[in-house]
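A closer look at the structure
Each chain, letter by letter, is given below.
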Amino acid sequence: MTDAKTGAAAAGVAPGRPARPAGYWERIDRIVGQAPPLSDAQRAKLRTIFHQATITKEAA
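Conventions used here
- Residues numbered from 1 in each chain as written.
- Predicted model: local features only at pLDDT ≥ 70, side-chain atom pairs only at ≥ 80, totals over all residues.
- Heavy atoms only, no water.
- Helix = DSSP H or I, 4+ residues; strand = E, 2+ residues; numbered from the N terminus.
- Buried < 20%, exposed > 50% of the residue type's maximum accessible area, 1.4 Å probe, protein only.
- Areas by Shrake-Rupley, 256 points an atom, 1.4 Å probe, with all protein chains shown as cover.
- Phe/Tyr/Trp six-rings, centres within 6.5 Å; stacked < 30°, edge-to-face > 60°.
- pLDDT = per-residue confidence, 0-100.
- Contact = heavy atoms within 4.5 Å.
- Salt bridge = Lys/Arg side-chain N within 4 Å of Asp/Glu carboxyl O.
- Patch = residues over 30% accessible without salt bridge, like charges linked within 9 Å, V, L, I, M, F, W, Y side chains within 5 Å.

A few words on the overall build of the chain. Counting its secondary structure elements, the chain contains 3 helices and 0 strands. Along the chain, from the amino end to the carboxyl end, the secondary structure elements read α-α-α. Counting over 60 residues, the chain shows a buried share of 2%. Accessible surface, the chain as shown: approximately 5,700 Å² in total, 61% of it carbon and sulfur.

Here the focus is the packing of aromatic side chains. Under the counting rule described, the total for this entry stands at 1 aromatic pair. Seen from their ring centres, Tyr24 and Trp25 are 4.9 Å apart, and the 85° between their planes marks the pair as edge-to-face. You can call Tyr24 partly exposed: its relative accessible area is 27%.

Attention now goes to the confidence of the model for the chain. Considering every residue of the chain, the mean pLDDT works out to 78; 63% of them sit at 70 or more. Contacts of residues 1-6 to residues separated by more than four positions or lying in other chains number 1 contact, the stretch itself having pLDDT below 50.

With that settled, the discussion passes to the pattern of salt bridges. On inspection of all chains with the given rule, the structure shows 1 salt bridge. Linking Arg43 and Asp40 is a salt bridge whose minimum nitrogen-to-oxygen distance equals 2.9 Å. Here Arg43 and its partner Asp40 are both found in helix H3 (residues 40-59), 3 residues apart, which amounts to about one turn of the helix. Residue class for Arg43 comes out partly exposed when judged on its relative accessible area of 34%. Residue classification places Asp40 among the exposed residues on the basis of a relative accessible area of 61%.

Here the focus is a nonpolar patch on the surface. Taken together, the side chains of Leu38, Leu46, Ile49 and Phe50 make up a nonpolar region of the molecular surface, amounting to roughly 380 Å² of accessible area. Note on placement: Leu38 falls in the loop between helix H2 (24-34) and H3. Residue classification places Leu38 among the partly exposed positions, given a relative accessible area of 41%.

As structure tokens, then:
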């Protein structure tokens, strides 16, 4: 027998959150596909931000 939490997690739904409407991920893919590509400067900035977060967590 499957309880509500296990069933929701197996379906890809986080506990306590409503299920996503049909076509959700297709819409996300369409929006992302329309966005212009990142420049090298933007990629470098994002890399720096994410690596700083890791270093900060390790230091704490």
